[in-house]
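What follows is each chain in one-letter form.
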Amino acid sequence: MAVAVPPGRAAGSGWAWRPVARDALLARAFHSCTELRGRFYLVGGLLAGGTREPSSDTVVFDPARGQAVRLGSRGSPPRSHHDAAPVGGRWLCVVGGWDGSRRLATVTALDTERGVWEAWTATPGDCPPAGLSSHTCTRISDRELQVAGREGGIHTQRRYGSIYTLRLDPSARTYCYKQEGCHIASRSGHCAALLQTPGPHPGHQLLLVGGCNLAEPEVAGHWSHGKIKEEPPVAPHLMEQLARLVSSGQGSQKGPHGLRHHSCSVVGPFAVLFGGETLTRARDTICNDLYIYDTRTSPPLWFHFPCADRGMKRVGHRTCLWNDQLYLVGGFGEDGRTASPQVCILDFLI
């Protein structure tokens, strides 16, 4: 059962993670955490470092009450290093991931109205990836996801990655992959951010960050004005606070170098990245830095805000946007083995 957390902050320069809840059910890493109807659905993940067996738990966290419960539905898939997306305001679709023995490209969905897990079926003509883990799934529309990342295991990695469009049909419980013609850098443990491009007729770009040694974000898709119908969550107060924070910093055109298994949430014109594991050094690899990518300028700028509190180092965690607040859930700490049971909110000291 979640318990109230006494006041306290893990502070950086002008920002902090403020603990708001704590529950052993939430202690996991390399899970998915998806907001649907005002609840956070945590699926699977690894409960401790060093294990290869993913959890089959589904935990629902109510951010309004600060309470977590284990969902008792049957068929919850054992998964880690997967991704998930809400569909139709009802289904939580889990895509790919590691099941303890192999990497998958299948789609399994939780019907949140009935509390039942369903294995959806691939349609004829489906061209699935070889197997996905540490990939990203980004909603382009209510029935369409953009899937990006490296396919296969460590012995079958390619020097490039592929982009797939994944079409979902909840009424038929089916899915279909279509491989797009473009290639991207080979990435694993990256993040994806669907951001508006500036100008009088703004379109959208899908940017990939991290998961390899490249510092610059890579454009994995572009849509002209009016093509994307997704309505991003409204967070005016959080946007204002982020704007004030970046105004106190020094922007750069170069982003985080060699970062993977970090979190990323889009807040208006900002992509907010936190934590992760750096590929640029052999020791002390787990990070607690905050990066903000600001698309209001041309060219867009990166802002880096370090944190002095080593207790906030995280890898394999997730952030979720709800009710004008950014929540941090789960992840392994500094030792890379101990999962955090805390839920924190991004707070500002300016």
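Residues numbered from 1 in each chain as written. Predicted model: local features only at pLDDT ≥ 70, side-chain atom pairs only at ≥ 80, totals over all residues. Heavy atoms only, no water.

## As for the sheet that holds strand S10 (residues 116–119)
Within the open sheet, the four strands sit side by side as S7-S8-S9-S10. Their pairing is antiparallel. Two strands in the sheet have a free side with no partner beyond their single neighbour: strand S7 (83–87) and S10. Pairs of neighbouring strands in the sheet enclose a mean axial angle of 25°, with direction left out of account. The sheet contact formed by S7 and strand S8 (residues 91–98) spans five bridges and is antiparallel. Paired with Val 87 across the two strands is Trp 91, which belongs to S8. (Pairing = 2+ DSSP bridges. Helix = DSSP H or I, 4+ residues; strand = E, 2+ residues; numbered from the N terminus. Axes fitted to C-alpha atoms, helices over the stretch in contact; angles between N-to-C directions.)

## A closer look at unusual backbone geometry
Among all residues except glycine, the phi angle is most often negative; among peptide bonds, the trans geometry is most common. Pro 299 follows Ser 298 through a cis peptide bond whose omega is 0°. Along the chain, Pro 299 turns up in the loop between strand S23 (290–294) and strand S24 (301–305). One non-glycine residue with positive phi stands out, namely Ser 134, at about 55°. Mapped onto the fold, Ser 134 is located in the loop between strand S11 (121–122) and strand S12 (136–141).

## Observations concerning the nonpolar core
Core analysis: the largest hydrophobic core is formed by 23 residues, its most contacted members being Trp 15, Trp 17, Leu 238, Leu 242, Leu 290 and Ile 292. Among the secondary structure elements, those contributing two or more residues to this core are strand S2 (15–22), helix H1 (236–247), strand S21 (270–274), S23, S24, strand S26 (325–329) and strand S27 (342–348). Counting residues per element, this core draws most heavily on H1, at four residues. Setting aside residues no more than four positions away along its own chain, Leu 290 makes contact with Trp 15, Leu 245, Val 272, Leu 273, Phe 274, Phe 303, His 304 and Phe 305. Val 95, Ala 105, Leu 168 and Tyr 177 belong to the second-largest nonpolar core, a separate cluster that totals 18 residues. (Core = buried A, V, L, I, M, F, W, Y, C linked by side-chain atoms within 4.5 Å. Buried < 20%, exposed > 50% of the residue type's maximum accessible area, 1.4 Å probe, protein only. Contact = heavy atoms within 4.5 Å.)

## Brief notes about the side chain of His 262
Along the chain, His 262 turns up in the loop between strand S19 (259–260) and strand S20 (263–267). Overall, the relative accessible area of 7% leaves His 262 in the buried class. Here Val 209 takes part through its backbone oxygen, which lies 3.4 Å from a polar atom of the side chain of His 262. (Polar contact = N/O pair within 3.5 Å; in protein donor to acceptor, adjacent residues only side chain to side chain.)

## Here's the deal with the pairing of strand S14 (residues 160–169)
It is a general feature of regular strands that their side chains alternate between the two faces of the sheet. With seven of ten residues buried, S14 lies mostly within the body of the structure. Bridging between strand S13 (residues 144–149) and S14 involves six bridges; their strand directions are antiparallel. Residue pairing across strands places Ala 148 opposite Ile 163, the latter belonging to S14. Two elements, S14 and strand S15 (residues 174–185), share nine bridges in a ladder whose sense is antiparallel. By the bridge assignment, Leu 168 is partnered in S15 with Tyr 175. Taken together, S14 and the strand that follows it, S15, pair antiparallel across an intervening segment of four residues, in which Arg 173 is found at a positive phi of about 60°.

## A few points about the state of the cysteines
Within this structure, the stated rule accounts for zero disulfides. This cysteine, Cys 176, is not joined by any disulfide, and Cys 127 carries the nearest cysteine sulfur, 7.0 Å off. Judged by relative accessible area, Cys 176 falls into the partly exposed class, the value being 22%. For the unlinked cysteine Cys 344, the closest cysteine sulfur is that of Cys 307, found at 11 Å. Take Cys 344: its relative accessible area is 1%, and that puts it in the buried class. (Disulfide = S-S within 2.5 Å.)

## As for the pattern of salt bridges
The full count for this structure, using the stated rule, is 20 salt bridges. As a salt-bridge pair, Arg 39 and Asp 62 come within 3.8 Å of each other at their nearest N and O atoms. Placement of Arg 39 in strand S4 (residues 39–43) and of Asp 62 in strand S5 (residues 58–62) is noted, with a sequence separation of 23 residues between them. Overall, the relative accessible area of 10% leaves Asp 62 in the buried class. A salt bridge links Glu 218 to Arg 187; its shortest N-O distance comes to 3.0 Å. A residue pair is termed long-range when its members are at least 10 positions apart, and Glu 218 in strand S18 (residues 218–223) and Arg 187 in the loop between S15 and strand S16 (191–196) qualify at 31 residues. One exposure class covers both Glu 218 and Arg 187, and it is buried. Through salt bridges with shared partners, a single network forms among Arg 37, Arg 90, Asp 111, Glu 113, Arg 114, Glu 118 and Arg 173. (Salt bridge = Lys/Arg side-chain N within 4 Å of Asp/Glu carboxyl O.)

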